[in-house]
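# Observations on the model geometry
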Amino acid sequence: MLSLSVNGQAYPVDVPDDMPLLWVLRDVIGLTGTKFGCGIAQCGACTVHLDGQAVRSCVLPVGSIGNRAITTIEAVGNTPSGQKIQQAWLDVDVVQCGYCQSGQIMSAAALLQRTPNPNDADIDAAMSGNICRCGTYVRIRAAIKQAATGKQEILQTLVSAPEGAKS
Amino acid sequence: MTRFLIIVVLVALLGMGAYFYLNRTDTAEGTAPPIAGAPSSADVLARGEYLTKAADCIACHTVPGTGSAFAGGVAFKLPFGTIYSPNITADEASGIGNWSDNDFVRAVREGIRNDGQHLYPAFPYTSYTQLSRSDVLAIKAYLFSLPKISQANKANDLSFPYNQRWAMGFWNAAFFKSQRFTPDPSQSQQWNSGKYLTIALGHCAECHTPRNFGFGLEHGNELAGEELQGWRAYNITSDPQHGIGAWSDSDIASYLTTGHADGRGSAAGPMAEAVENSLRFLNPADAAALATYLRTVPAREGKDPITIDATAAPTLASNNAAPGGDNANADNPGLKLFEGACASCHQWNGKGQQTSYASLLGTRGVNDVHGTNVTQILLHGAGPHALAPNIFMPEFGNAYSDTDIASLTNYVIGHFGNKQGNVTPDEVAQRRKQL
Amino acid sequence: MKIGPDSPQDKHDDIDLGRRHALQAGGLAIAFLWVGGTGVASAMINARRQPGDAAAALADGNPTFAPNAFIRIDTSGAVRLVMPSAEMGQSIYTGCSMLLAEELGVGLDQITVEHSPPSDELYGIPALGGQITGGSTSTRATWTVLREAGAVARTLLVSAAATKWHVDPATCTVDRGVVHHTPSGRSLGFGEVASEAAKLPMPDKVQLTDPKDFKLIGKPMRRVDAADKIKGATQFGIDVRIPGMKIATVMACPTLAGKLAAVDDKAARAVPGVVDVLRLDNAVAVVGDHFWAAKQGLQALKITWDHGVNANLTTQQLRDALADSARHGKSIVARDDGPQPQGTLVQSEYQSPMLAHATMEPLNATVFVTADKCEIWTGTQVPARAVGEAARITGLPQDKVVLHNQYLGGGFGRRLETDWVEQAVAFAKQVSYPLKVIWTREEDIRHDRVRPMYHDVISAVLDANGRPVWYGYRTSGGSVLARFAPPAMGKDGMDSDAVECVAEIPYDIPKGKVEWIRHDMPPGLVVGWWRGVGPTHNLFVFESFMDELAHHAGKDPLEYRRALLQKSPRALGVLNLAAEKIGWGSQPLPARVGRGIALGEPFGSHVCAIVEVEVTPQGEVRLRRAVVGLDCGIAVNASSIEAQVQGGLLFGLSAAMFSDITIKDGAFEQSNFNDYRNLRINEAPVIEVHRVINTESPGGLGEVGTAITAPALANAIFAATGVRLYKLPVDRHLLVQSPDALKSVVSAAVHAGRDVA
Ligand code: FES
Ligand code: FES
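Since the structure is predicted, the reported quantities are computational estimates derived from the model, not experimental observations.

### A word on the overall build of chain A
Of regular secondary structure, chain A possesses five helices and five strands. Across chain A, helices and strands are ordered from the amino to the carboxyl terminus as β-β-α-β-β-β-α-α-α-α. Dimensions of chain A, computed from the C-alpha atoms along their principal axes, are close to 70 × 30 × 25 Å. Contacts in chain A between residues at least 24 apart in sequence constitute 55% of all its contacts with a sequence separation of at least 6. If you sum the accessible surface of chain A, you get close to 5300 Å²; carbon and sulfur atoms cover 49% of it.

Encoded structure:
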């Protein structure tokens, strides 16, 4: 019987040591905010924090976690960086289907906690492991910057009716 | 004219004499040092099973995944063509069911089939020649206790002259010496056991010893590393810089039996297969013996020596989640690929996340400026294997270009090995063809 | 036609079935129009029809005020809006909510949204013949009816307040869920008048807000579903948890159309947590207490497949046959303006690959079959079809099949199919407990219903100035429509989707001949809708060829197109807009950097994309920037428009750069994101969307960006390298500067900053 600390709560779980955390969270504990996208650490949908670090829960055997603290999307809003990121995500209206977004937000929150004012290269390094099939990357970049600086990133690119464009 | 003919005949006779002299068979039965996993007191089948595993027969005689055990058919792509391993189950028609003990022993130790034809040295009779008759027969007994599989052998696909089996007699004359293992009384019993495991059963030299122009093993350069079938078999001499001299006993034991040693790397490719099929079954005492022997293998630099930088500056300057201290700028194509597909497991500090198998710092792969094994692993993936059934690296060869793989490999060498990798897209294209 | 993310913009007020419109509506919309013709259209979405059944109302929390199927208000004043369509990322819930809320008089921050229960009667889209999301129909069908539904509710609430105050309703106003009577300074919240309003008779005529007074419509609004999605609180199909539920994962025969011959499940059953092993004639499922056990079990199975007729099938065989049919096959003519005139003939052939959807949420369905009921939880674009299939498989009457739709983790047309639901029902029917079937990503890709492959032959006759006076187009490929809705095929067997965006073109080319050669794929290779089907290859071919013609004439691709657009002002408008915004021709570009234009009128919108790329000497393509000029008519939500176009563009770029489903031994070779590569954030360019403001009727959006990307990319690559790509995805070997470039160690790219803009 393992005991996992998830979002500040202890969960005793009776599962094999090599079972990936993702399935323990989703199917045993019942926290379904963390998503399954690929199972091979290529998409980032399953990202959670382990002592504040972003990890891919689909390939993380629960037996290797020990007493490290697990934070999932359901509680990342309780951390200052998670709160900022979630707010920016709303302000910039990042989500589309939303399926990848738990993972995106977890990766972004870990980035902001570590690098409060990330540049493009920092964002790439932290976010490139997270795939979004809906193509929200442009807004993800904007939202991270907005979360960091508090400065509003343009929500809309220009809407215009220039000369010659009128019908 | 007559004189000339006499000379020709004399030379021919001398040649024949030499041929037969060099091809002479060691007639000794041979004795094996004690093997902890196969004590002589044990049942012959139990011994046979252990020895079969220690000799890794299954790797070459079973098609991975789909094939029946020991039914052969595994392809070996050599520079001069493809050969297929034969069926060694006890099936009379397609296997070796009607081989006598002597047939079997001769094949294993001399490389000659029951019909008198030569075997190719892809079959390591060059190493197995050291085995004792009793051990060879234990293996035979074990194989014959298994289900007979009726599966016809595949014809080899070799070009002339390599398809001339008789010619192997000359190869043997040049490069093969029939010789049983003889214990060295000046060394410990453990050392002798280890040597037998390394040289005879484990046939480590077949991959790890450099080969000469004629594909013969370079004696005198034992275990100093070689490239084979597109993979680099590393230097496992006691050289602390280029070999495994700096590894602790537990590093070695762990690597042999789990395919991974922290800070040393994880086995992939053929070595992973050897761990999976063979080495992981070694009894701890035997693994320790093997390590004991390896420690005494004279230190050699080998060719294209790999110098490990276990404290690569760019890696140490990075944290788990972000790079630091790289010469590569943010637009480096290798870096971009790494941050997309690799960093979430390997991490920028090379520590490996989710599993220690993903750690890179201090491994030989990332310190090899030719990027041989890194390229292979990227192209073909690694694992999972039996001991770590859920640990694997996906293959990227099908969706990533030669240039992608080359730039990624060079980036990895730069970042984790602190060296300039020199892999070119062309080389990656060659590697693709090798497997 | 529109398959993927739908959007409020997809509205055509008048459904014109004349040739041009029919062709523009194309494939899926046509299919739905046909389905809609079955006569059920009368009993559908309606501003005044209430959920009549008491049980349904109870299940719905028995709201105090429910004047129609879309609006629920209780005495606390809480407003719930029920969404007729499915939300798969396209922001339709926000669009529908805006229409309802605009007229109801509430802010989007004051409402909650809900999935509709399955009911063709209450939520059926007449044009689609049921509760279906697709075909660019959502807003077209709901634009009026939802505003009217909001207005009905507002009228009743105002009447109730006015009655209370004994004033003329006309003197009352509504703002943010409160009815005001300004002259007397009185106000009442919706909740306070809800009970009274519920008792009033349905108003016959309601006044809709004058568009100039719109508070919500036309503004960039935040999505109504975002708050839950950023907290992981949104329930997708894969998140459904039913008491007693077990979880299965599946492997179907990897060989297309292959069957299950035998399976040895001894080892699988020994895996801790494995509950059951279930079989169908072509698949096997392992059931576990959790997914992990099921997956471990699946890996432990020893399966023998009967590979069947496709055992030796390869992509190359398909390609060769397709090429042959494009060149020599008997065609169905979509357009023929008479004989080919004299002049210089230019001809090219293009090939487009099969494409998977790889929706971020792998396919899944939870099904509970009992003796007299089948309950299904899944995210689907076609609940009605799914219910029909479940009824067929279980033998239950349709009204005993209950489907709870869920948020969709991506649709892109994949969830217009029902194959995985059918499979899950067939498995669930074998067990006594609720069964959640989750496909692994590998299964999701290997058993995708792919966008078909195409082979297209395009030609033109040029006059002395290099201007086309005639064009010819022969396209060969499988037909999605023919399977999806056979009677929707043209009377001569024409698949309108096959020639969409090429039978009608914005350019002034006097004559042309457009032909389709139907080339069916082998059994088991099922082709499906994608994020655009016909236009995604037709525009690639046509716009690549326009570039070829410009090159042939020695003209700048922008100027060349402009000269041919004098009769298409809206197309010219977006071309000029995009060109201006990217600064076409204003500065010389660095070596091996190029820009490519693509222009088209897919899905009733007018769009021009200009993509800027850099190609390294080793042939790697770096996307630097993309600028889009868009004219999609009137906007409901300007924010979603931008998001849809950016997303569509990235979806198309990802496919054009990397995607190709290939077949070996009758099975797909790709399986997961390691070998079916997807564009990542560090490879994505900056994308600017510039929109023309007008009041034209809305065009489609979700697929517009996808369809227009590939030719822009290919043309940019040509501009950078001089290499014309006749085949997708981009073959980087063709772009190598010289063989020596591959012999040298890869160098870093020239700086291709995303801050360039
Ligand atoms: S599900 Fe874990 S990275 Fe994709
Ligand atoms: S929002 Fe749909 S996958 Fe990212």
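### What about the pairing of strand S16 (residues 373–378) of chain C?
All names here are of chain C. With respect to burial, S16 is a largely interior element, five of its six residues being buried. Relative to S16, strand S15 (residues 364–370) runs antiparallel, the two being bridged by five bridges. By the bridge assignment, Thr370 is partnered in S16 with Lys373. Between S15 and S16, which pair antiparallel in sequence order, lie two residues. Following the backbone out of S16, through helix H11 (residues 383–394) and into the adjacent parallel strand S17 (residues 401–405), one traces a crossover that is right-handed.

### Focus: helix H16 (residues 402–417) of chain B
Residues and elements named next belong to chain B. Spanning 16 residues, H16 covers 21 Å between terminal C-alpha atoms, matching the ideal 22 Å at 1.5 Å per step. Summarising burial for H16: 15 of the 16 residues are buried, a large majority. Asn418 sits one or two positions beyond H16 and adopts a positive phi of about 55°.

### Some remarks on the interface of chain C and chain A
At the junction of the two partners, chain C supplies 77 residues and chain A supplies 61 residues. Around 6000 Å² of area is buried between chain C and chain A when both sides are counted, 57% of it from carbon and sulfur atoms. Considering only the surface of chain C that becomes buried against chain A, Ile230, Met360 and Ile681 of chain C emerge as the three largest contributors, covering 14% of it. Linking chain C with chain A are three salt bridges, by the criterion used here. Here Arg26 of chain A and Asp239 of chain C are joined by a salt bridge, their closest N and O atoms 2.9 Å apart. The interface formed by chain C and chain A contains 28 residue pairs in polar contact (both at pLDDT 80 or more). Every element with two or more residues in the side of chain C that touches chain A is listed here: helix H7 (226–229), helix H9 (291–300), strand S18 (435–438), helix H13 (441–446), helix H17 (569–582), helix H18 (638–658) and strand S27 (686–691) of chain C. No other element matches the ten residues that H18 of chain C contributes to the side of chain C that touches chain A. When the residues that make up the side of chain C that touches chain A are grouped by side-chain class, the tally is 34 nonpolar, 21 polar and 22 charged.

### Points about the side chain of Asp448 of chain C
Residues and elements named next belong to chain C. Checked against the element boundaries, Asp448 lands in the loop between H13 and strand S19 (454–462). Asp448 gets classed as buried once you look at its relative accessible area, which sits at 6%. Polar side-chain contacts of Asp448 include one of 2.5 Å to the backbone nitrogen of His357. Not counting chain neighbours up to four residues away, the residues in contact with Asp448 comprise Ala356, His357, Ala358, Arg414, Val526 and Phe668.

### What to know about the packing of aromatic side chains
In total, this model carries 27 aromatic pairs over all chains according to the counting rule given. Through a chain of ring-to-ring contacts, the aromatic side chains of Phe123, Tyr125, Tyr128 and Phe176 of chain B assemble into a single cluster. Sitting over the face of the ring of Phe144 of chain B, Lys140 of chain B holds its NZ or CZ atom 4.3 Å from the ring centroid. Lying across the ring of Phe651 of chain C, Arg531 of chain C places its NZ or CZ 5.4 Å from the centre.

### Some words on the domain arrangement of chain A
Residue and element names in this part refer to chain A. Under the domain assignment, chain A is made up of domain 1 (2–71) and domain 2 (77–149). Using only C-alpha atoms to locate each centre, domain 1 and domain 2 end up separated by 20 Å. Across the contact, 14 residues belong to domain 1 and eleven residues belong to domain 2. In total, about 1000 Å² of surface goes out of reach between domain 1 and domain 2, with carbon and sulfur atoms giving 54% of it. Counting across the domain 1 and domain 2 interface gives zero salt bridges.

### As for the environment of Leu60 of chain A
Mapped onto the elements of the fold, Leu60 of chain A is located in the loop between strand S4 (53–56) and strand S5 (69–71). Sequence separation between Leu60 of chain A and Ser107 of chain A is 47 residues; the distance between their C-alpha atoms is 16 Å. Residues within four places of Leu60 of chain A in sequence aside, it is in contact with Met19, Pro20, Leu21, Leu50, Val55 and Ile65 of chain A together with Gln354 of chain B.

### Some words on a nonpolar patch on the surface
On the surface, Ile6, Val9, Leu10, Leu13, Met16 and Phe20 of chain B cluster together to form a nonpolar patch covering roughly 600 Å² of accessible area. Along the polypeptide, Leu10 of chain B turns up in helix H1 (residues 2–22).

### A few points about helix H15 (residues 534–553) of chain C
Residues and elements named next belong to chain C. In a regular helix each residue adds 1.5 Å, so 20 residues correspond to 28 Å; H15 covers 28 Å between its end C-alpha atoms and thus fits that length. Taken across its 20 residues, H15 has 17 buried, putting it largely inside the fold. Positive phi appears at Gly554, one or two residues downstream of H15, with a value of about 70°.

### Observations concerning the interface of chain B and chain C
Tallying the contact residues gives 29 residues for chain B and 25 residues for chain C. With both sides pooled, the region where chain B packs onto chain C buries about 2100 Å², and carbon together with sulfur makes up 50% of that total. The interface formed by chain B and chain C contains three salt bridges. The partner of Asp404 of chain B in a salt bridge is Arg732 of chain C, and the shortest N-O contact between them spans 2.8 Å. The interface formed by chain B and chain C holds ten residue pairs in polar contact (both at pLDDT 80 or more) in total.

### As for the environment of Asp93 of chain A
Along the polypeptide, Asp93 of chain A turns up in the loop between helix H2 (80–92) and helix H3 (101–114). You can call Asp93 of chain A buried: its relative accessible area is 3%. Separated by 32 residues in sequence, Asp93 of chain A and Pro61 of chain A have C-alpha atoms that sit 34 Å apart. Within polar-contact distance, the side chain of Asp93 of chain A engages the backbone nitrogen of Arg223 of chain C at 3.0 Å.

### Things to note about the packing of H3 of chain A against helix H4 (residues 120–127) of chain A
Packed helix pairs are specified by the crossing angle of their axes together with the interaxial distance, meaning the distance between the axes. All names here are of chain A. At a minimum axis separation of 9 Å, H3 and H4 run at an interaxial angle of 135°. Of the possible angle classes, the one that applies to H3 and H4 is oblique. Both H3 and H4 take part in a crossing whose hand is right-handed. Of the residues in H4, those in contact with Gln104, Ser107, Ala108, Leu111 and Arg114 of H3 are Asp122, Ile123, Ala126 and Met127.

### Quick look at the nonpolar core
In this structure, Leu4 and Trp89 of chain A together with Val613, Val621, Leu630 and Leu713 of chain C are the most contacted members of the largest nonpolar core, which totals 255 residues. If you tally residues by element for this core, the top one is helix H5 (residues 138–165) of chain C, at 14 residues. Setting aside its immediate chain neighbours within four residues, Val621 of chain C contacts Val613, Glu614, Val615, Met657, Leu713, Ile717, Val730 and Leu735 of chain C. Membership of the second largest hydrophobic core comes to 63 residues, among which are Val108, Leu131, Leu197 and Leu256 of chain B.

### Focus on the sheet that holds strand S23 (residues 606–615) of chain C
Residue and element names in this part refer to chain C. Pairing is mixed across the open sheet formed by four strands, whose spatial order is S22-S23-S24-S27. The two strands at the open ends of the sheet, each matched to only one other strand, are strand S22 (593–600) and S27. Sheet twist, expressed as the mean angle between neighbouring strand axes with direction ignored, is 15°. Strand direction decides the pairing type here: S22 and S23, joined by eight bridges, are antiparallel. Counted as the bridge partner of Gly596 is Val611 from S23. Packing against the sheet, helix H19 (residues 704–721) makes contact with S22, S23 and strand S24 (621–631), and its axis sits at approximately 145° to S22.

The rules behind the values
- Residues numbered from 1 in each chain as written.
- Chains lettered and ligands numbered in written order.
- Predicted model: local features only at pLDDT ≥ 70, side-chain atom pairs only at ≥ 80, totals over all residues.
- Heavy atoms only, no water.
- Helix = DSSP H or I, 4+ residues; strand = E, 2+ residues; numbered from the N terminus.
- Contact = heavy atoms within 4.5 Å.
- Areas by Shrake-Rupley, 256 points an atom, 1.4 Å probe, with all protein chains shown as cover.
- Buried < 20%, exposed > 50% of the residue type's maximum accessible area, 1.4 Å probe, protein only.
- Pairing = 2+ DSSP bridges.
- Right-handed = clockwise from strand over helix to strand, strands pointing away.
- Expected span 1.5 Å × (residues − 1).
- Buried area = accessible area lost by both parts, 1.4 Å probe.
- Salt bridge = Lys/Arg side-chain N within 4 Å of Asp/Glu carboxyl O.
- Polar contact = N/O pair within 3.5 Å; in protein donor to acceptor, adjacent residues only side chain to side chain.
- Nonpolar A, V, L, I, M, F, W, Y, C, P; charged D, E, K, R; others polar.
- Phe/Tyr/Trp six-rings, centres within 6.5 Å; stacked < 30°, edge-to-face > 60°.
- Lys NZ or Arg CZ within 6 Å of the ring centre and 35° of its normal.
- Domains from an automatic or database assignment.
- Patch = residues over 30% accessible without salt bridge, like charges linked within 9 Å, V, L, I, M, F, W, Y side chains within 5 Å.
- Axes fitted to C-alpha atoms, helices over the stretch in contact; angles between N-to-C directions.
- Parallel < 35°, antiparallel > 145°, perpendicular 65-115°, else oblique.
- Left-handed = near helix turned anticlockwise from the far one by under 90°.
- Core = buried A, V, L, I, M, F, W, Y, C linked by side-chain atoms within 4.5 Å.

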